[in-house]
Amino acid sequence: MATRDDIFAWLKCYRQTLSENKDYLTRLDSAIGDADHGANMDRGFAAVMDKLPSVADKDIGAIFKAIGMTLVSTVGGAGGPLYGTWFMRAGMALDGKTEVTADDWLAAFQAGLAGVQQRGKATPGEKTMVDAMTPACAAMQASLASGADMATALEAAAAAAEQGMKDTIPMLATKGRASYLGERSIGHQDPGATSSAMLFRCAADKLGNV
Ligand code: ADP
Ligand code: MG
């Protein structure tokens, strides 16, 4: 079961990963977007880390909702509102909880993905963050259904998200800024799928063995 402290460790890991990969994410976004995804995510999660102390005594659902609202209000463009929606929807699935089980995580990740899809209207195969989140949820669900523990299931989710991220390379973008490039979007890895894979990687590393 994950507690608030574990979740804070996850978010700290993600904030650190984003700060280390800011230039990488921006480079990916410069190929098929407007070269701001690294800066957007870095700014957003710096604001999230500043916000956390003020919500540290709240339940986990409320913490997630506060993170989502912080992202929506500090990050412009497509990425901020979409990640904001992911955290707000995941937070609704974790409403009132002070500890989170593997099944709770799966429900939260699925709710987050559903929110992103509802807001952004992307389906798998359109070269977006949905292409990392969808296989991550599916792999986690299959893993838990086969009786795996939280560490194994989160590792399966992280590996599937990383594969999904790589699978965006040959895709033609049909949503978001990258879609403006048409065929020229082919051959580039999607920045949002990359930052999503990092989120699941930190979850596996920080929430797996708790
Ligand atoms: P912007 O595109 O406004 O500059 P960012 O650069 O922060 O915003 O984020 C770009 C990422 O957002 C893309 O790589 C893609 O993964 C994701 N994205 C864009 N549009 C959508 C959408 N409609 N649905 C899901 N994800 C999307
Ligand atoms: Mg951008």
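This text follows the structure it describes.
Every chain is numbered independently, its residues counted from 1 as its sequence is written. Going through the entries in the order they are written, you letter the chains from A and number the ligands from 1. With pLDDT at 70 or above as the cut-off, local features in this predicted model cover only qualifying residues; side-chain atom pairs require 80 or more to be listed or tallied, and sums for whole chains, interfaces and linings still use all residues. Excluded from the side-chain calculations are hydrogens and water; all other atoms, namely the structure's heavy atoms, are used.

A. Spotlight on the coordination of the magnesium ion (ligand 2). For the magnesium ion (ligand 2), every protein donor is listed as D29 (OD), D34 (OD) and D36 (OD), and the spread of their distances is 2.0 to 2.2 Å. For Na, K and Ca the donor cut-off is 3.2 Å, while for other metals it is 2.8 Å, and in both cases only N, O and S atoms qualify; water is not among them, so sites may look incomplete. Ordering the donors of the magnesium ion (ligand 2) by residue number gives the pattern D-x4-D-x1-D. The classification of residues rests on relative accessible area computed with a 1.4 Å probe and restricted to protein chains. Under 20% of the type maximum is buried, over 50% is exposed, and intermediate values are partly exposed. For D29, a relative accessible area of 8% corresponds to the buried category. Among the residues examined, D36 registers a relative accessible area of 24% and is labelled partly exposed.

B. Inspection of the site of ligand 1 at higher detail. In the region of ligand 1, 20 residues are neighbours, and D34, N40, A78, G120 and D190 sit closest. By the criterion applied in these results, polar contacts are pairs of N or O atoms within 3.5 Å in which, for protein atoms, one can donate a hydrogen and the other can accept it, and in which residues neighboring in sequence qualify only through two side-chain atoms. Within the side chain of D34, one N or O atom sits 2.9 Å away from an oxygen atom of ligand 1. The backbone of G192 places a nitrogen or oxygen atom 2.9 Å from an oxygen atom of ligand 1. Values of accessible area rely on a 1.4 Å probe in the Shrake-Rupley scheme; residue burial ignores everything except the protein chains shown. Relative to its free-state accessible area of 560 Å², ligand 1 is covered by the protein chains to the extent of 93%. Put simply, the parts of the chain that give the shell around ligand 1 at least two residues each are α3 (37–55), α5 (79–93) and α9 (191–207). For helices the rule is a DSSP run of H or I covering at least 4 residues; for strands it is a run of E covering at least 2, with both sets numbered from the N terminus onward. The element that contributes the greatest number of residues to the shell around ligand 1 is α9, accounting for 3 residues. Note on residue classes: Ala, Val, Leu, Ile, Met, Phe, Trp, Tyr, Cys and Pro are nonpolar, Asp, Glu, Lys and Arg are charged, and everything else, Gly too, is polar. Looking at the shell around ligand 1 residue by residue, the classes come out as 6 nonpolar, 8 polar and 6 charged. When at least one non-hydrogen atom of a residue lies within 4 Å of a molecule or strand, that residue is treated as near it.

C. Examining α5 more closely. Between its terminal C-alpha atoms α5 stretches 21 Å, which fits the 21 Å expected from 15 residues at 1.5 Å a residue. Most of α5 sits out of view: 11 of its 15 residues are buried. Looking only at α5, the buried set comprises G79, G80, P81, L82, Y83, G84, T85, W86, F87, A90 and G91. Close packing links the buried residues of α5 with α1 (4–20), α3, α4 (60–74), α6 (102–120), α7 (130–145) and α9. For a helix, the expected span equals 1.5 Å multiplied by the residue count minus one. By the convention used here, residues are in contact when the closest approach between their heavy atoms is within 4.5 Å.

D. Structural view of the packing of aromatic side chains. Ring pairs are drawn from Phe, Tyr and Trp, using the six-membered ring of Trp, whenever the two centres fall within 6.5 Å, and their geometry is named by plane angle: stacked under 30 degrees, edge-to-face over 60, tilted for the rest. All told, the structure shown has 13 aromatic pairs when counted by the stated rule. Between Y14 and F45, the ring centres sit 4.8 Å apart and the planes meet at 80 degrees, which makes this aromatic pair edge-to-face. One end of the pair, Y14, is in helix α1; the other, F45, is in helix α3, and 31 residues separate them in sequence. Comparing Y14 with F45, the two get one shared label, buried. Among the aromatic side chains, those forming a connected cluster through ring pairs are W10, Y14, F45, F64, W86, F87, W105, F109 and F200.

E. Structural detail: the pattern of salt bridges. Each reported salt bridge corresponds to a side-chain nitrogen of Lys or Arg within 4 Å of a carboxyl oxygen of Asp or Glu. One pass over the full model with this rule turns up 9 salt bridges. Across the salt bridge formed by E126 and K175, the nearest N and O atoms sit 3.1 Å from each other. Separated by 49 residues along the polypeptide, E126 in the loop between α6 and α7 and K175 in the loop between α8 (150–167) and α9 bring together distant segments of the chain. Its relative accessible area of 26% is what places K175 among the partly exposed residues. Several salt bridges share partner residues, and in doing so they unite E155, E162, R201 and D205 into one network.

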